[in-house]
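# Report on the structure
Single-letter residue listing:
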Amino acid sequence: MASAVEDALLYKTLEPSTPFEDVAHNSYLGFSVDSAKGIMNLEELTFVAGAPRANHTGAVVLLKKDNVHRLVPQHIFWGEELASSFGYSVATTDLNNDGWTDVIVGAPNFFDRKAEIGGAVYVYLNPFGHWDDQARPIRLNGTYDSMFGMTVSNIGDLDQDGYGDIAVGAPFDEDGKVFIYRGSDAGIETKPAQVLDGHDFDVKRFGYSISGGLDIDENHYPDVVVGSLNDSVVLFRSRPVIHVIREVSIDPQYIDLEQKNCKGRDGVCVEVKACFMFTAHPHHYSPHITLVVQFEADTERRKLGLPHRVNFLGRSSLEPEYTQTEEVELHRQHHTDCATAIFQLHENIRDKLRPISLAITHTIKPVPPRRHSAKRAQKLPPVLNISPSNMLHSEVNFLREGCGSDKICQSNLKLSYQFGTIPLNSDFTPLPKSVIVTV
């Protein structure tokens, strides 16, 4: 022993009393463990221990240290299904950036035949330390026989958006998969932001173990390591994330088919201008980025199988009439550059009720890899943030004919009626208002 006093360097669990009675016996308490501040108290360290056999459903116990080095149970989460192995894995992180640490619990043997669920992960958002008011957890489900939730891991803030992210392993989902979930203001995005597949790396039982949160290549973004039962470990380096800010202006705002405004030609034209800038983490990260911007018109109409009504004047010979592609150069953070596209409307347009819908999409132009030393990993190029979407939708409406000098139509329909008769070979004869018609 390192100390003359037996177990002086160890924390020992206090023998539980009701209502924790069933956890202590043959429960595998401690099968999974984690610890963090901000679970029960913002300044106090709390231990999270899984007991996947407790009460035949599994349980997770929150414990704190008392003044004689014992771990005292404070709260317990129970599994919802028999033999689900609730508590097989546990993790802690602040998913919604409220300052309180949330608890994530894996139950890889959870099963639902009708829904074809094979494994589950429960996300408990912290109710400001008041776990007795236990809120209903968010459940993430895996596919049939996948053992989804065998591993759950706090992988840090992968995209540096201020919210903690988690990874969930499903080593029996085909060759094995790891699902990346992003934290958000609402707690967690239930649709995985990314799925890592062992098949892509020829690794079996991929996702049996996961470790994250460390920045291996020192690019200020945490990286992820995934283990397997195939004598293989795969390192995933996180790429810097840029947040694109865009602004679109349309001139004119309404299409007046009577105003021939095309420059140097006869016809009706509309100018669409899209301006871009970006921000990123950290503030001194300012790569030179080329954005490829695609303008596409009449998108909604073409989805209905109807012909388009416009022709982009600046498109290349390889592009269809309804698209135009431009590039913008962003030399550093907060630097603005714009792209402009002008389209002309076809002659004799019959559909003037549906607006001209626009879709403006931007992507990062790939940069050819440079030669680099084998001893040093090459810097990874940035990627676009997945939210908001890189496609922006807008539309241009037609001015309605007969709307007066202000070109604004306002409904002012008035109806009047009168009962009458139309005898043979005679005109309409109104009935007197005092006449009662019997039906």
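Cut-offs and rules
- Residues numbered from 1 in each chain as written.
- Predicted model: local features only at pLDDT ≥ 70, side-chain atom pairs only at ≥ 80, totals over all residues.
- Heavy atoms only, no water.
- Helix = DSSP H or I, 4+ residues; strand = E, 2+ residues; numbered from the N terminus.
- Buried < 20%, exposed > 50% of the residue type's maximum accessible area, 1.4 Å probe, protein only.
- Contact = heavy atoms within 4.5 Å.
- Areas by Shrake-Rupley, 256 points an atom, 1.4 Å probe, with all protein chains shown as cover.
- Pairing = 2+ DSSP bridges.
- Axes fitted to C-alpha atoms, helices over the stretch in contact; angles between N-to-C directions.
- Salt bridge = Lys/Arg side-chain N within 4 Å of Asp/Glu carboxyl O.
- 1 Å grid on protein atoms, 1.4 Å probe; cavity = no way out; pocket = protein on both sides within 12 Å on 5 of 7 lines; lining within 4 Å.
- Points joined across faces, edges and corners; volume = space filled by probe spheres on them.
- Nonpolar A, V, L, I, M, F, W, Y, C, P; charged D, E, K, R; others polar.
- Disulfide = S-S within 2.5 Å.
- Core = buried A, V, L, I, M, F, W, Y, C linked by side-chain atoms within 4.5 Å.
- pLDDT = per-residue confidence, 0-100.

### Quick look at the overall build of the chain
When you go through the chain residue by residue, the secondary structure sums to one helix and 30 strands. Here the chain holds 439 residues, and 41% of them are scored as buried. Look at the contacts in the chain between residues 6 or more apart in sequence, and 58% of them connect residues 24 or more apart. Total accessible area on the chain is roughly 26000 Å²; 51% of this is exposed by carbon and sulfur atoms.

### Description of the sheet that holds strand β28 (residues 391-398)
Spatially, five strands are ordered β20-β28-β26-β22-β24 in an open sheet, and the strand pairing comes out mixed. Strand pairing shows two members of the sheet lacking a second neighbour, β20 (254-255) and β24 (323-330), which therefore form its edges. Relative to β28, β20 is paired through two bridges, and the arrangement is parallel. Within β28, the position partnered with Ile255 by the bridge is Phe398.

### Looking at the sheet that holds strand β7 (residues 102-112)
Taken together, the four strands give an open sheet; going across it, the order is β6-β7-β8-β9, and neighbouring strands pair in antiparallel fashion. Strands at the two margins of the open sheet, each flanked by one partner only, are β6 (89-93) and β9 (138-143). The average angle at which neighbouring strand axes cross in this sheet is 25°, direction not considered. Where strand β8 (residues 117-124) lies against β9, five bridges are found, and the strand directions are antiparallel. What sits directly across from Tyr122, in β9, is Arg139.

### Looking at the pattern of salt bridges
Oppositely charged side chains can form a pair if their charged atoms are brought close together. This model, assessed by the stated rule, comprises 16 salt bridges. A salt bridge links Lys204 to Asp175; the nearest nitrogen and oxygen atoms lie 3.1 Å apart. Of this pair, Lys204 sits in the loop between β15 (194-197) and β16 (209-214) while Asp175 is found in the loop between β11 (166-170) and β12 (177-181), placing the two residues 29 residues apart along the sequence. Residue classification places Asp175 among the buried positions, given a relative accessible area of 14%. A salt bridge links Asp298 to Arg309, with the nearest nitrogen and oxygen atoms 2.8 Å apart. Highlighted residues: Asp298 in the loop between β22 (289-297) and α1 (299-303) and Arg309 in the loop between α1 and β23 (310-312), separated in sequence by 11 residues. A single network of salt bridges, built from pairs that share partners, joins Asp298, Arg301, Arg309, Asp351 and Arg354.

### What to know about the pairing of β22
Judged from the eight bridges that link them, β22 and β24 form a sheet pairing that is antiparallel. Within β24, the residue paired with Glu296 across the bridge is Thr323. As paired elements, β22 and strand β26 (residues 356-364) share seven bridges and run antiparallel to each other. Residue pairing across strands places Phe295 opposite Ile360, the latter belonging to β26.

### So, the layout of surface pockets
Taking a probe equal in size to a water molecule and rolling it over the atoms shows the remaining empty space. Its boundaries defined by the atoms lining it, the second largest pocket holds a volume of some 550 Å³. In terms of lining residues, the second largest pocket is bounded by 18 residues, among which Leu158, Gln194, Ser238, Arg239 and Val383 are the most central. Secondary structure elements with two or more residues in the lining of the second largest pocket: β15 and β27 (383-384). When grouped by side-chain class, the residues that make up the lining of the second largest pocket number 10 nonpolar, three polar and five charged.

### Here we look at the state of the cysteines
Summed over the entire model, instances satisfying the criterion amount to two disulfides. Linked covalently through their sulfurs, Cys275 and Cys338 form a disulfide whose S-S length is 2.0 Å. Judged by the torsion about the S-S bond (105°), the Cys275/Cys338 disulfide is right-handed. A residue pair is termed long-range when its members are at least 10 positions apart, and Cys275 in strand β21 (residues 269-280) and Cys338 in strand β25 (residues 337-345) qualify at 63 residues. Here Cys338 falls in the partly exposed class, since its relative accessible area comes to 29%.

### A few points about the environment of Asn219
Relative to the elements of secondary structure, Asn219 occurs in the loop between β16 and β17 (223-227). Separated by 66 residues in the primary sequence, Asn219 and Tyr285 place their C-alpha atoms 9.3 Å from one another.

### Observations concerning the nonpolar core
Membership of the largest hydrophobic core comes to 30 residues, with the highest contact counts inside it found for Ile255, Val270, Phe276, Leu291, Phe295, Phe343 and Leu345. For this core, the secondary structure elements donating two or more residues are β19 (241-251), β21, β22, β23, β24, β25, β26 and β28. Ranked by residue count, the leading element in this core is β21, at six residues. If sequence neighbours within four positions are ignored, Phe276 has contacts with Val244, Ile245, Arg246, Leu291, Val293, Val328, Leu330, His335, Thr336, Asp337 and His362. Val48, Phe77, Val90 and Tyr124 belong to the second largest nonpolar core, which has 17 residues in total.

### So, the confidence of the model for the chain
Averaged over every residue, the pLDDT of the chain is 89; residues scoring 70 or more account for 89%. With pLDDT under 50 throughout, residues 1-6 is counted as low confidence; its partners more than four residues away or in other chains account for four contacts.

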